[in-house]
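Analysis of the macromolecular model
Here's the letter readout for the chains.
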Amino acid sequence: MGNNSSLMLQDDEIRMISNETGFSRNQIVRLYSRFLSLDKQGRGFLDRDDFLRIPELAVNPLGDRIVDAFFTESDDNEQKINFHEFIRVLAHFRPINKSKPHPLNSRDAKLRFAFTMYDLNKNGFITRDEFQVILNMMVGANITAEQLESIADRTITEADHDGDGKISFDEFCRAMEKTDIEQKMSIRFLN
Amino acid sequence: MLDWLLVLVRCYAAIILGPVIATTILIICGAGWGPLPHLYVWLLKKALSLSPETYPQPEEEVTNWWPSIIERSERGKLQRHRHGSGASFAFTNVKGVEKTATSDLTFSLTSSAFAAGIEAIVQDELSCCFYPAPVQRWNWLTRPWFALSHAQTAGYLLSCAFRYSVLVPIRVALLVISFMFVGVCSFIPIFYTLNKNQRAYIGVTYCRLFCAGLGLVATYHDFDINRPRKGGICMSNHMTPNDIQIIFANVLSEADKSSTEATTYTVTGQSHTGIIWYIEQTTAKLCSALWFDRADMRNRVEFMNIVLKYTQSSEMDPVLLFPEGYCTNNTRALQFRKALFECSNAPIYPIALKQDASLGDSFWGDDPFWVYLVKVISSWAIIYDVYHLPKMVKGEDESATSFAGRVQHAICEAARIEPLAFDGFLFHKEPERNRYRTQQQWNNAQVFLRVLQSQPDLDELLAD
């Protein structure tokens, strides 16, 4: 906890974040503590290296894509994430509470965030090339290029319903119906 | 006007020099302050219980007071392999591949990887032991994350003034005295050979002065019952480079005081430069010491061989080792280096260190040593509980890995911290992380290869 005033969290900020994201005060304080510990140099923001210092993320084959998705959400070109942006992304992963629905963690919001992790250039479609990049990250050098193409082809063909050779957001949602996306894209935050 | 100034200066000097001289005399005579430091700590903790909370307490009682933020899902966890030193994510173990459509499998596997990554960003097992653990109540040592009222700011500034003008000079004086003490004593062997007991006395007095200079208030449990004996190995969890002085300060038991040949420790550690190098040189004069370079492979092997030789002789003092290999923050314990557990006959004397960080955290992250020392000296107090655990011996058919795990669990239970299945290399060394990532890629490849073998050709799929 440095002396930098930008690292302070005021009470009204907490209330604002709580309304915006749906997290409780305790959850926000704990996530802030986590943010500060990742921000080793006490600059008030996180960059790629700060994320990839987490061992379980660095050994995850898709670690780089996940970090990219964080920076994409934050909407600026500088590759820096402050605490507001950090907690906004994590808000997508709050479990859905049917009695207290919230726009940031609705099923649609979760699917849209998942979609950005596949759609590298944010043009609204997942192309075969984008799929191949992700598959390449998943399997490394253990599969030949032809086999990789074959898997990418099959995935696209099975999911592509309008025959345009790429996957739109609606086709993605339909493909994800079989994997329980609400459970996968939810983290059990403790109170 | 000048008279008042003189009176003030004299008072200040008395406040500083009084405790310094009293402590030095007490320690050199082999006595101590008794319950007074504990009373000081108790008073401070009572005062701090009125301080605002900086980290929310969980609703239920938890043994590890630092509560989790999330409950990790089973599928996203990195699990150790039963044999060998690898680990895999649980989601790479996919069943029923043959019956699943390719697109379902692709989306399922990739979305599991994404979910595991996001969970790791919020809470992961390994990196949380390499930064100082958050304290539950604000301890007035640094500015907290919430805004302070005017009264609190004034109080904070006053407490800073008190700590830096009273506590720091007293402690710096004690540290300087401890080094001077050893410096003076190192001239004695020129005239007169010291026997083991005398060297032990000098070593212990130096350590006690040094610990007093750190502001340490330590309670040693069960030392007389579980005293380490010659030819054994002492293992402890590691938090600061000063752990050696803290453990050494209590090495003389009642029995030693009446015997002719005291048992102290054979001190070991990573060789450093700077202030720590000076401390290491000093220590080497007083007791047997082995310094090695962790990065140098050959050096490490030689070091292991020397340790083994020491344990086989009944003359050499028990070797004090820190099998974690890195300093951790006393909320978790890294997996122990198993090379140290290969020697089958040497009994292991586990020592568990437990810190109460509410009045000052002495965990050493990656700041330079002198910055760290200033932080420690300017805190209220460093509170340690040192537990000497009963001796443990490797079983007949027990492997080094399982014996290492047993010792780790014993230490973790006594210190009330969590044992980890991963060691410090995964956090500090990139080649190790690359090795783990390659393993995950291989796992995923196996799943996709099974899909390719079991599913019909793409052409057949498109035929209808």
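Residues numbered from 1 in each chain as written. Chains lettered and ligands numbered in written order. Predicted model: local features only at pLDDT ≥ 70, side-chain atom pairs only at ≥ 80, totals over all residues. Heavy atoms only, no water.

As annotated in an unreviewed UniProt entry, chain B carries the name Phospholipid/glycerol acyltransferase domain-containing protein and is attributed to Plectus sambesii. According to the UniProt record, the Subcellular location (unreviewed entry) comment for chain B reads "Membrane". (UniProt positions renumbered as here; feature names shortened; annotations may be inferred.)

Under an unreviewed UniProt entry, the name given to chain A is EF-hand domain-containing protein, and the source organism is Plectus sambesii. Recorded under Sequence similarities (unreviewed entry), the UniProt text for chain A is reproduced unchanged: "Belongs to the calcineurin regulatory subunit family. CHP subfamily."

1. Re the pairing of strand β5 (residues 233–236) of chain B
Residues and elements named next belong to chain B. The alternating pattern of β5 places I233 and M235 and C234 and S236 on opposite faces, both of which are buried. With 3 bridges connecting them, β5 and strand β8 (residues 319–321) associate as parallel partners. Looking at the pairing, M235 lines up with L321 of β8. (Buried < 20%, exposed > 50% of the residue type's maximum accessible area, 1.4 Å probe, protein only. Helix = DSSP H or I, 4+ residues; strand = E, 2+ residues; numbered from the N terminus. Pairing = 2+ DSSP bridges.)

2. Remarks on the sheet that holds strand β10 (residues 348–356) of chain B
Residues and elements named next belong to chain B. The strand order across the open sheet formed by 7 strands is β4-β11-β10-β5-β8-β6-β7, and the pairing between neighbours is mixed. Two strands close off the open sheet at either side, each with one partner strand: β4 (216–221) and β7 (289–292). Neighbour-to-neighbour, the strand axes of this sheet turn through a mean angle of 20 degrees, independent of strand direction. As paired strands, strand β6 (residues 266–270) and β8 are joined by 2 bridges and run parallel to one another. Paired with T266 across the bridge in β8 is V319. Here helix α2 (residues 36–48) sits on the sheet and contacts β4, β10 and β11 (382–388); the angle it forms with β4, its principal contact strand, is near 110 degrees. Sheet strands touched by helix α10 (residues 297–312): β5, β6, β7 and β8. Its angle to β7, the strand with the most contacts, is close to 160 degrees. (Axes fitted to C-alpha atoms, helices over the stretch in contact; angles between N-to-C directions. Contact = heavy atoms within 4.5 Å.)

3. Here's the deal with the interface of chain A and chain B
A common measure of how large an interface is: the accessible area buried when the components associate. Each partner contributes residues to the interface: chain A has 68 residues there, and chain B has 72 residues. For the pair chain A and chain B, the summed buried area comes to about 6500 Å², and 68% of that belongs to carbon and sulfur atoms. Ranking the residues of chain A by area buried against chain B places A:R30, A:E56 and A:R154 at the top, with a combined share of 13%. For the pair chain A and chain B, the interface holds 3 salt bridges. The shortest N-O distance in the salt bridge between A:R34 and B:D124 comes to 3.0 Å. Looking at the side of chain A that touches chain B, the element that brings in the most residues is helix α2 (residues 25–38) of chain A, giving 10 residues. Across the side of chain A that touches chain B, the residue classes break down as 41 nonpolar, 14 polar and 13 charged. (Buried area = accessible area lost by both parts, 1.4 Å probe. Salt bridge = Lys/Arg side-chain N within 4 Å of Asp/Glu carboxyl O. Nonpolar A, V, L, I, M, F, W, Y, C, P; charged D, E, K, R; others polar.)

4. Focus on the nonpolar core
In this structure, A:L31, A:F51, A:F70, A:F83, A:F86, A:F172 and B:F107 are the most contacted members of the largest nonpolar core, which totals 99 residues. At 9 residues, helix α3 (residues 102–122) of chain B tops the list of elements feeding residues into this core. Lining this core are residues from two domains, each supplying at least three of them: domain 1 (74–122 + 429–463) and domain 2 (151–426) of chain B. Beyond its immediate sequence surroundings of up to four residues, A:F70 is in contact with A:F51, A:I81, A:F86, A:V89, A:L90, B:I118 and B:I121. Of all hydrophobic cores here, the second largest spans 52 residues; its members include B:F223, B:V267, B:L286 and B:L373. (Core = buried A, V, L, I, M, F, W, Y, C linked by side-chain atoms within 4.5 Å. Domains from an automatic or database assignment.)

5. Structural notes on the environment of A:M117
Mapping A:M117 onto the fold places it in helix α7 (residues 107–118). On the accessibility criterion, A:M117 (0% relative accessible area) is buried. Setting aside residues up to four positions removed in sequence, A:M117 forms contacts with A:R65, A:I66, A:A69, A:I134, A:M185 and B:F114.

6. Some details on the packing of aromatic side chains
Counted according to the given criterion, the structure contains 38 aromatic pairs over all chains. Residues A:F172 and B:F107 carry aromatic rings whose centres are separated by 5.7 Å and whose planes lie at 75 degrees to one another, so their mutual orientation is edge-to-face. Placement of the pair is A:F172 in helix α10 (residues 169–176) and B:F107 in helix α3, with the two residues belonging to separate chains. A:F172 gets classed as buried once you look at its relative accessible area, which sits at 0%. (Phe/Tyr/Trp six-rings, centres within 6.5 Å; stacked < 30°, edge-to-face > 60°.)

7. A word on the UniProt feature "domain: EF-hand" (unreviewed entry) in chain A
Residue and element names in this part refer to chain A. Here, the residues flagged by UniProt with the feature "domain: EF-hand" (unreviewed entry) are residues 106–141 and 147–182. Helix makes up 67% of residues 106–141 and strand makes up 0%, while its end C-alpha atoms are separated by 37 Å. Between the end C-alpha atoms of residues 147–182 there is a gap of 31 Å, over a span that is 64% helix and 0% strand.

8. Description of the side chain of B:D243
Residue and element names in this part refer to chain B. Assignment of secondary structure puts D243 in helix α7 (residues 243–248). The exposure class assigned to D243 is buried, which follows from its relative accessible area of 0%. If we skip the residues at most four places from it in the chain, D243 touches N237, H238, F322, L353 and Y384.

9. Description of the pairing of β7(B)
Each regular strand carries side chains that alternate between the two faces of the sheet. Residues and elements named next belong to chain B. Going residue by residue along β7, you find L290 and F292 tucked away on one face and A289 and W291 left uncovered on the opposite face. Strand direction decides the pairing type here: β6 and β7, joined by 4 bridges, are parallel. Considered in β7, the bridge of G269 is made with W291. Note that the unit made of β6, helix α9 (residues 275–286) and β7 has a crossover that is right-handed. (Right-handed = clockwise from strand over helix to strand, strands pointing away.)

10. Quick look at helix α12 (residues 400–415) of chain B
Residues separated by three or four positions in an α-helix point in the same direction, a consequence of the helix having 3.6 residues per turn. Residues and elements named next belong to chain B. Between its first and last C-alpha atoms α12 spans 22 Å; for 16 residues at 1.5 Å apiece the expected length is 22 Å, and the two agree. Summarising the contacts, the buried residues of α12 are in contact with β5, β9 (332–333), β10, β11 and β12 (418–419). Directly after α12, the chain includes R416, whose backbone phi takes a positive value near 55 degrees. (Expected span 1.5 Å × (residues − 1).)

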